Amino acid sequence: MGQTLVYGFLNGALYGIIALGIALVFGVMRYLNLAQGSLIILGAYGILFLFHIGIDPFASMPLIAFLLFLLGGALFKVSFSRLIMLPETGRIKNSLLISFGLMLLIDNLATLLWTGDERSITPTYSGLTLGLFGLRFPLIGCVGVLSALVIIVALHTFLARTYFGKSIMAVSQDYEAASLLGVNVNFICLVSFAISVGLASIPSVLIGLKSFSPTVGIQWFNKGIIVVMLSGIGNINGVFPAGLLLGIMEAISVYIFGAPYREVTGLVVFVLVMVLFPKGLFKRQEL
Amino acid sequence: MRLKAWISFCLAILLFALLPAVIRSEYLLNLLLMFFLYVIVAQSWNLLGGFTGQVSLGHSAFFGTGALITRLLWTAGVPIVPALIAGSLSSVVLAVLVGVPCLRMRSAYFPIGTLALAMIAQITVANLFPLPGSLSSGYLTGYSMLSRYYLALVVAVLTVAVVYWIVRSRTGLALVGIRDDEAAAEAMGVRTFKHKVFALMVSSLLVGLGGGIFAYHQVSYYYYAPFELSWSFLPTLTTFIGGLGTITGPILGAACFLGLSELFAISLGEVHLVVFAATFILVVLFVPGGLMSISARINNFTMKLMRRIPGNPADHGADP
Amino acid sequence: MMLRVEHVDVRYGDLQVLWDVNVEVSEGEIVALVGSNGAGKSTLIRTIAGLVKPSDGAIYYGDTLLNDKPPHAVAEFGISMVPEGRRLFPKMTVLQNLEMGAYLKKARPRKDATLAWVYDIFPILRKRSGQPAGLLSGGEQQMLAIGRALMGLNHFLLLDELSLGLSPLLVKQIFDVLVDINRAGITLFIVEQNVPMTLKIADRAYIMETGRIVGKGAAREHMESEHVKEAYLGMS
């Protein structure tokens, strides 16, 4: 049981970092980016490529993060930037549709270019585990959790301590008021979107080291959106703990019901949250 | 214009009905059957998504349920018509059970909720029915492509007719009002929730019927196949490209999709999806009304031109 | 002439809401724009701020044409706005809201000094500086909204419907503060439904009805006018 919890915890960290990218974009500009999962997979292919020319996956992470950041900015400029003018429901609907098209585009392009075969990145340290308290802690998972934590702390500092970061928070709470104070809302949204795609590089590494194929992106997105719903819309700080929670819940359900129902757990949780809290988990403070 | 549309529609039906007498190609009949199926799925989706504004990404669950129940009953010996009815009804039951809670969410989350449902359905069915089924010899010898063709045609026409009739009725007005501004509709006394449920139920009934036809058509049958997410994406894609919220849109979109699909099928199999995805994105961004809106815009433009001509009865005069 | 609005029309799609609006504000003035609900006053002020694009006409601030500028550029050029409904950042504290007010490049280095000044004007904000803005009372929120706009160190302030939802006493307090701010060198353009209070502090006033300017002149004249008395002073 303890071992299952360990795996659940590590999975949860992965879910949390996936969810962070989704939550950032949704919180700031109310876009839902269905393609986040596909972008993660894209990053995984990038890491695979670099691995084949001899670069360690964790070492290539910063480069992939940067490339994904640029890609995110470009995608935003080309497709999502027009949606800023719409009211909230229009944004969610349209961003859903566009990102849905994007997801299909990326998934099928990837299948075309790299076939539908399942891939895996296997460096020499793949199977290594640390032994602690009589439990096995996979090395990769631990490094993953550490990287995720570092990035989260860095992001939090950026958002809370720098003027640029604070303006991102301001835009997420009231973009019109922010623009009246001199904040270039379009630019903020562009950068936030690019950051969220750049954040996809961490799950890219972790998923790349497990296994992936062109069409699995949406399954990872699903985990992310469940975590976002669990932690509450617009609540970026609660995302990581919510991810851990989901990971542990899954682990427990696997322990009780068996492996095939792991996927169903998350989705059932999702539906339950949606049914019990139809207006969202946290109410936004009205003025 | 209305009359022209009617005439072309009836001509098309006539054409499709008479076609098998002239063309013997099983491939073509099959293709047209798929076209009718796509029209059923897209048009039924359109009622909920295009006309009521509730974008469902979970129609594959309803399609699959209709298919599943129909197949199970039919291969157990039940005649096809009751089996189809049972299939479509079970699809409605599913819609009421799980679709209604989705409707209760903030309307922005309806697509996500339905997507989650579709994924749950797919995984569950894949777990419960991993092995494909096939038809026993008795069924195989009695298999008639022609009867399936006409069945699909009839249901397709039925679907279009039903959606058209609803949209033209007072209910339809309410649905469109909900799509355009739900708060305003509510304020005007429209029972928005009831109407949304109604649209959902009709939509799932029709798409469940389509699922049943799909199950009836397949020889070797993978139970999880109709639950695949592509059956959710299909109506959204095709209706969007053809024209959301128009009757002709889904038909046009389905025709384009299938036509181009087959055209590309000879080359790399997946290219058409890439092209469609790209087209879809472009349509959402630049032509949110789809292909139908382009013709509407041309009409509008012509109307405006006519108003400029003095003495034209269409000219109401400028505001003070 | 600081602000010139010349022959401005505003249309939302096919619906026209402003017709041939002409307004001038000189440096140091307090100018009011009054009229009843739905007259189009907020639309005009939002157009000046850059939130709405004029369909026709021109808006000049000094020598700069403002028509196509997005709101953040208008703010950079020297116009700050206190929007209708205050629009504070609800999850941020009073202090954080004020700090956001100093976002403009020119305002950031002087932030601490400006903050002290704003706290002098609105002492209650100093007391509440650590509280989330969403928890303040209506009057406190209005003060915070004004204070936040002042942090940008712009010399031109647009104020949209300050008095909404506030008690007459609070409104008087805030309007007195506005006079002080004006004496400190800030030009004010006030949009208001509360006509009598506004006319008391304004130098000049424009009257807007259904999207058109129907009256202008010194505030005192308006207070005497029969039309104004009937139409607006009956309702306050």
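Residues numbered from 1 in each chain as written. Chains lettered and ligands numbered in written order. Predicted model: local features only at pLDDT ≥ 70, side-chain atom pairs only at ≥ 80, totals over all residues.

In terms of nonpolar packing, the biggest core is built from 254 residues, with V39(B), I40(B), V41(B), A152(B) and L158(C) touching the most fellow members. With 16 residues, helix α1 (residues 2-29) of chain A is the largest single contributor of residues to this core. Counting the residues that make up this core, at least three belong to each of domain 1 (1-78 + 155-236) and domain 2 (88-153) of chain C. Ignoring anything within four residues of it in the chain, the contact list for V41(B) reads H59(B), F63(B), V207(B), G210(B), W231(B), L234(B) and P235(B). (Core = buried A, V, L, I, M, F, W, Y, C linked by C-beta atoms within 7 Å. Buried ≥ 20, exposed ≤ 12 C-beta atoms within 10 Å, placed from the backbone. Helix = DSSP H or I, 4+ residues; strand = E, 2+ residues; numbered from the N terminus. Domains from an automatic or database assignment. Contact = placed C-beta atoms within 7 Å.)

Quick look at the interface of chain C and chain A now. Contact with chain C, which involves 24 residues of that partner, is made by 16 residues of chain A. Secondary structure elements with two or more residues in the side of chain C that touches chain A: α2 (71-77) and α3 (94-101) of chain C. Broken down by element, the side of chain C that touches chain A gets its largest block of residues, four residues, from α2(C). Counted by class, the side of chain C that touches chain A contains 13 nonpolar, six polar and five charged residues. (Nonpolar A, V, L, I, M, F, W, Y, C, P; charged D, E, K, R; others polar.)

Residue and element names in this part refer to chain C. With five of its six residues buried, strand β9 (residues 204-209) lies for the most part within the structure. Here four bridges tie strand β3 (residues 30-34) to β9, and the two strands are oriented parallel to one another. Bridged to A32 within β9 is A205. Connecting β9 to the antiparallel partner strand β10 (residues 212-218) that follows it, the hairpin turn spans two residues, and T210 within it adopts a positive phi of roughly 40°. (Pairing = 2+ DSSP bridges.)

Residues and elements named next belong to chain B. Their axes nearest at 10 Å, the elements helix α8 (residues 170-180) and helix α10 (residues 192-217) cross at an angle of 105°. The angle between α8 and α10 places the two elements in the roughly perpendicular class. Taken together, the residues of α10 that come into contact with α8 (itself represented by T171, A174, L175 and I178) are T192, H195, K196, F198 and A199. For the contact of α8 with α10, a count of residues per class yields five nonpolar, three polar and one charged. (Axes fitted to C-alpha atoms, helices over the stretch in contact; angles between N-to-C directions. Parallel < 35°, antiparallel > 145°, perpendicular 65-115°, else oblique.)

This part takes up the interface of chain B and chain A. Tallying the contact residues gives 29 residues for chain B and 30 residues for chain A. The set of elements that each furnish at least two residues to the side of chain B that touches chain A consists of α4 (80-104), α5 (110-128) and α13 (271-286) of chain B. Along the lines of polarity and charge, the residues of the side of chain B that touches chain A split into 22 nonpolar, four polar and three charged.

Residue and element names in this part refer to chain B. With respect to the helices and strands, F16 occurs in helix α1 (residues 2-22). With 134 residues separating them along the chain, F16 and Y150 place their C-alpha atoms 8.9 Å apart. Leaving out residues up to four positions away in the same chain, F16 has contacts with L32 and L153.

With that out of the way, let us pick up helix α5 (residues 139-161) of chain A. Residue and element names in this part refer to chain A. With 23 residues, α5 ought to run about 33 Å at 1.5 Å a step, and its terminal C-alpha atoms sit 33 Å apart, in line with that. Within α5, the full set of buried residues consists of I140, G141, G144, V145, A148, I152 and L159. Residues of α5 that are buried make contact with α1, β2 (135-138), α6 (163-173), α9 (201-210) and α11 (239-257). (Expected span 1.5 Å × (residues − 1).)

Our next topic: the domain arrangement of chain C. Residue and element names in this part refer to chain C. Here chain C is described as being made up of domain 1 (1-78 + 155-236) and domain 2 (88-153). Taking only C-alpha atoms, the centre of domain 1 and the centre of domain 2 are 23 Å apart. Listed as interface residues are ten residues of domain 1 and, on the opposing side, eight residues of domain 2. For the side of domain 1 that touches domain 2, the secondary structure elements donating two or more residues are α2 and α7 (168-183). The element best represented in the side of domain 1 that touches domain 2 is α7, accounting for four residues. Split into classes, the residues belonging to the side of domain 1 that touches domain 2 amount to seven nonpolar, one polar and two charged.

Residue and element names in this part refer to chain C. Judged by how many residues are buried, strand β8 (residues 187-192) sits mostly within the fold: six of six residues are covered. Covered by surrounding structure in β8 are T187, F189 and V191 together with L188, I190 and E192, the residues of both alternating faces. Bridge count between β3 and β8: five bridges; the pairing is parallel. What sits directly across from A32, in β8, is I190. Bridge analysis of strand β7 (residues 156-160) against β8 gives five bridges, and the strand direction is parallel. Paired with L158 across the bridge in β8 is F189.

Glancing now at the sheet that holds β9(C). All names here are of chain C. Taking strand neighbours across the sheet as the criterion, the six strands line up as β6-β7-β8-β3-β9-β10 in an open arrangement whose pairing is mixed. Only two strands of the sheet have a single neighbouring strand rather than two, namely β6 (79-82) and β10. Averaged over all pairs of adjacent strands, the angle between strand axes in this sheet comes to 15°, irrespective of strand direction. In this structure, β6 lies alongside β7, joined through four bridges in parallel fashion. Within the sheet, the bridge partner assigned to V82 lies in β7 and is L159. Where helix α1 (residues 41-49) meets the sheet, it contacts β3, β6, β7, β8 and β9, and its direction lies at approximately 150° from that of β7.

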